[in-house]
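Descriptive structure summary
As a plain string of letters, each chain reads:
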Amino acid sequence: MPTKSLQIPTTDGQADAFAAFPDRGERHPGVLLYPDAFGVRPELEEKARELAEHGYYVLVPNLYYRHGPAPVIELPEHIGEEIRAAVFAQLMPLVEAHTAERVLRDADAYLRFLTSQPEVSAGPVGVIGYCLGAALAMRTATAHPDQVAAVAGFHPGFLVTDAPDSPHRLVPKLTAQVHLGLAEGDLTPEAISELDQALDAAGVGHSIEIYPGTIHGFTMSDTDAFNPSALQRHWDRLLPLLDRTLVTK
């Protein structure tokens, strides 16, 4: 499975990134994968490799490149509950600095770079996000409806907020199909209903599913939140979504 370490030119500098793609010498649909708040690390690289095995070119950018190359902070091999709060205390200034304006500037650069790679086929792309990355995926898709045909978010955060530009208020711009896989407690029932109604009103094909027996972060095997059966459910939802929206039959 070929992989690359890359530098993506952006208006604010060079974003380091990881890419994985099939070893078949042909072009493949592109997928932009936004990490969770912990950022690019072996866990995310492994997810990119696994997705690439199914026929996709997967690009994983360092969200915090303005602060340095990944990992921007020192991360343990396993992010247990006993250190989670301390790790988040280091990360929160980086998360808070990643404004919607920066997200959109970066999304322009990431998509331009992804679609220009020689291994990436012409046509629409998919955007995936975990935790914080789910909101970034939604913002990217609403800003680029002509390019993004699939959006998937898992144990999402920041999708429904009081802000005027909350991602759930932008869904009328979507043309992509959407799947959101939630942990129990990720969103309140009221927020889920508000998001579901917004997607329905916009005519967006979508599914919002609470994965049973899960807590926030369930796809990440380097955390205590990891749930193997929920990770498999995530693949069972994600792969058909990408197949029906990105793969030419």
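Notes on the structure follow. (Residues numbered from 1 in each chain as written. Predicted model: local features only at pLDDT ≥ 70, side-chain atom pairs only at ≥ 80, totals over all residues. Heavy atoms only, no water.)

**Topic: the layout of surface pockets**
Empty space among the atoms can be located by rolling a probe the size of a water molecule over them. The volume enclosed by the largest pocket comes to roughly 260 Å³. Val 95, His 98, Leu 132, Arg 139 and Phe 158 are the residues nearest the centre of the largest pocket, which is lined by 14 residues in total. Looking at the lining of the largest pocket, the elements that each hand over two or more residues are α2 (81-97), α3 (100-116) and α4 (132-143). The element best represented in the lining of the largest pocket is α4, accounting for 4 residues. Residues belonging to the lining of the largest pocket are distributed by class as follows: 9 nonpolar, 3 polar and 2 charged. (1 Å grid on protein atoms, 1.4 Å probe; cavity = no way out; pocket = protein on both sides within 12 Å on 5 of 7 lines; lining within 4 Å. Points joined across faces, edges and corners; volume = space filled by probe spheres on them. Helix = DSSP H or I, 4+ residues; strand = E, 2+ residues; numbered from the N terminus. Nonpolar A, V, L, I, M, F, W, Y, C, P; charged D, E, K, R; others polar.)

**A short note on the packing of α3 against α4**
α4 packs onto α3 with a crossing angle of 65 degrees between their chain directions and a minimal axis gap of 10 Å. Overall, the two elements α3 and α4 adopt an arrangement that is roughly perpendicular. The way α3 lies across α4 gives a crossing that is right-handed. Every residue of α4 that contacts α3 at Ala 100, Val 103, Leu 104, Ala 107 and Leu 111 is listed here: Leu 136, Arg 139, Thr 140 and Ala 143. Looking at side-chain class alone, the contact of α3 with α4 contains 7 nonpolar, 1 polar and 1 charged residues. (Axes fitted to C-alpha atoms, helices over the stretch in contact; angles between N-to-C directions. Parallel < 35°, antiparallel > 145°, perpendicular 65-115°, else oblique. Left-handed = near helix turned anticlockwise from the far one by under 90°. Contact = heavy atoms within 4.5 Å.)

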